[in-house]
Amino acid sequence: MFGTSEGIAFIGGEREYPPIGVTLTVTSTSEGPNFLATAYGFPPCCVSGSQVLTPTGAKPIDALSVGDLVVTQNHGLKPIRWIGRCPVTATRLHAQEPYRPIVFEKDALGPNTPSRRTRVSPQHRVAISDGTCEILFDCHSVLVKAKDLVNGESIYVDTSLDPFAYIHILFDSHALVFVDGMLSESFYPGADSLQSLDHSARAELRMLFPELFVTGRHTLRPALPTLRDREARALLRAQRTA
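The model shown is predicted, which means the values in this text are computed figures rather than measured ones.

## So, the packing of aromatic side chains
In this description, an aromatic ring pair is defined by two values, namely the gap between the centres and the angle between the planes.
Then comes step 1: This structure, assessed with the given rule, holds two aromatic pairs.
Then comes step 2: On the numbers, 5.7 Å between centres and 50° between planes, the contact of Trp82 with Phe187 is tilted. Placement of Trp82 in strand β8 (residues 82-88) and of Phe187 in the loop between β16 (182-185) and α3 (191-196) is noted, with a sequence separation of 105 residues between them. Like Phe187, Trp82 is buried.
Then comes step 3: Between Phe164 and Tyr166, the ring centres sit 4.9 Å apart and the planes meet at 85°, which makes this aromatic pair edge-to-face. Each member of the pair, Phe164 together with Tyr166, is buried.
Then comes step 4: The ring of Tyr99 has Arg92 sitting right over it, with the charged end atom 4.5 Å from the ring centre.

Printed below as a string of structure tokens:
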């Protein structure tokens, strides 16, 4: 999310920048990045070529169509209601680093999770399940942004400039789908994600889900509790010392 306070711009997750009226002290300054702040708001999605589990086996996400059934962990078989695509060129990857996907090597999150090397957008959230989640957040499973899981070894930013497409799939409810054996979220049309879509994508969603654009009538609920950046850092620290 991008916000301003007292004329200063802040970039971060929801409620992670100070509200207007708070006294701020500048301790240091540096030149900003050479890309637009809105690039940080790129919606969560998978990279073309990712394999999504369907009733007839795993299929490339770019081969799926609206109406196709997908296996979800929390809602059984669900038909796709909408598919969004955004081509990402080498030029954009070079100029705007936040567009670069996060790589998960095979077994990065555990045995066969993912089942092969896979890539997702930095904001895409994956499911993490272990006893540490229960201790810290009183639930067995949580959703964590890919960028917050980067460890520089098995999970890292892809620095290659090979073009690809970001693809997101939307259901009637927020679902947990198996992408290359890794449990992750379907597209969640929250305010930030909707704002980051282009005009044509928002117009299409407005026709399909008009309630998403009416204040106070958002009917989709997150499939799992979602961690903020600082909560994700706390989880990773606890896992390393467990």
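## Notes on the pattern of salt bridges
Then comes step 1: Going through the model one piece at a time under the given rule, you end up with nine salt bridges.
Then comes step 2: Between Asp180 and Arg116 there is a salt bridge; the shortest N-O distance is 2.7 Å. Here the residue Asp180 occupies a position in the loop between β15 (176-179) and β16, and Arg116 occupies one in the loop between β9 (102-104) and β10 (118-120), the gap between them amounting to 64 residues.
Then comes step 3: For Asp180, a relative accessible area of 3% gives the class buried.

## Comments concerning the side chain of Arg100
Then comes step 1: With respect to the secondary-structure elements, Arg100 resides in the loop between α1 (90-95) and β9.
Then comes step 2: Buried charge without a salt bridge: Arg100, with Glu97 as the nearest opposite-charge side chain at an N-O distance of 4.2 Å.
Then comes step 3: Residues contacting Arg100, with those up to four places away along its chain left out, are Leu93, His94, Pro122, Val157, Asp158, Thr159, Leu161 and Tyr166.

## Notes on the pairing of strand β7 (residues 76-79)
Then comes step 1: Bridge count for strand β6 (residues 69-72) against β7 is four bridges, and the pairing is antiparallel. Its bridge partner being in β7, Val70 is matched across the sheet by Lys78.
Then comes step 2: Here β6 folds back onto β7, and the loop between the two strands holds three residues.

## Remarks on unusual backbone geometry
Then comes step 1: Following Thr113, the chain continues to Pro114 via a peptide bond in cis, the omega torsion being -5°.
Then comes step 2: Relative to the helices and strands, Pro114 is located in the loop between β9 and β10.
Then comes step 3: Positive phi, close to 65°, is recorded for Asn112, a residue that is not glycine.
Then comes step 4: Looking at the element boundaries, Asn112 is found in the loop between β9 and β10.
Then comes step 5: Note on Asn112: relative accessible area 45%, which makes it partly exposed.
Then comes step 6: Positive phi, normally seen in glycine, also occurs at Asp180, with a value near 50°.

## Brief notes about the environment of Phe187
Then comes step 1: Judged by its relative accessible area of 2%, Phe187 is buried.
Then comes step 2: As a C-alpha pair, Phe187 and His174 span 13 residues in sequence and 7.1 Å in three-dimensional space.

## What about the side chain of Glu185?
Then comes step 1: Residue placement: Glu185 occurs in strand β16.
Then comes step 2: Judged by relative accessible area, Glu185 falls into the buried class, the value being 2%.
Then comes step 3: Polar side-chain contacts of Glu185 include one of 3.0 Å to the side chain of Arg125.
Then comes step 4: Side chain to side chain, Glu185 and His174 meet in a polar contact 2.9 Å long.
Then comes step 5: The contacts of Glu185, once residues within four sequence positions are left out, are Pro44, Gln123, His124, Arg125, Leu143, His174, Ala175, Leu176 and Val177.

## Observations regarding the nonpolar core
Then comes step 1: Core analysis: the largest hydrophobic core is formed by 31 residues, its most contacted members being Phe104, Ile128, Val142, Val144 and Leu149.
Then comes step 2: Only β9, β11 (125-129), β12 (141-145), β14 (164-170), β15 and α5 (229-241) provide two or more residues apiece to this core.

## Some thoughts on α5
Then comes step 1: Relative to the 18 Å expected for 13 residues at 1.5 Å per residue, α5 spans 19 Å between its end C-alpha atoms, a close match to the ideal helical length.
Then comes step 2: Inspection of α5 places Asp229, Ala232, Leu235 and Leu236 among the buried residues, and these make up the whole buried set. Looking straight down α5, one finds its buried side chains confined to an arc of 120°; they lie on one side.

Conventions adopted
Position numbers for residues start from 1 in each chain and track the written sequence from start to end. A pLDDT threshold of at least 70 governs which residues receive local features in this predicted model, and a stricter bar of 80 or more applies before side-chain atom pairs are shown or counted, although totals over entire chains, interfaces and linings include all residues. Side-chain descriptors were evaluated using all non-hydrogen atoms of the structure, hydrogens and water having been removed beforehand. Aromatic pairing here means that ring centres of Phe, Tyr or Trp (its six-membered ring) are within 6.5 Å. Orientation follows from the plane angle: under 30 degrees is stacked, over 60 is edge-to-face, and everything else is tilted. Strands here mean DSSP runs of E at least two residues long; helices mean DSSP runs of H or I at least four residues long; both are numbered from the N terminus. Relative accessibility decides the category of a residue: with a 1.4 Å probe and only protein chains considered, values under 20% of the type maximum give buried, values over 50% give exposed, and everything between is partly exposed. Remark: a charge is flagged as sitting over a ring if the NZ atom of Lys or the CZ atom of Arg is within 6 Å of the ring centre and within 35 degrees of the ring normal. The rule for a salt bridge is simple: a side-chain nitrogen of Lys or Arg has to be within 4 Å of a carboxyl oxygen of Asp or Glu. Asp and Glu are treated as the negative residues and Lys and Arg as the positive ones, with His and the ends of the chain left uncounted. Every residue pair with non-hydrogen atoms within 4.5 Å of one another is taken to be in contact. We call two strands paired when DSSP finds no fewer than two bridges between them. Two N or O atoms count as a polar contact when they lie within 3.5 Å, although within protein this holds only if one can serve as hydrogen donor and the other as acceptor, and sequence-adjacent residues are included solely when both atoms are side-chain atoms. For the purposes of this section, nonpolar cores are sets of buried Ala, Val, Leu, Ile, Met, Phe, Trp, Tyr and Cys residues that join through side-chain atoms within 4.5 Å. In this analysis, the expected span of each helix is defined as 1.5 Å times one less than the number of residues it contains. By definition, the arc is the one covered by directions from the helix axis to the C-beta atoms.

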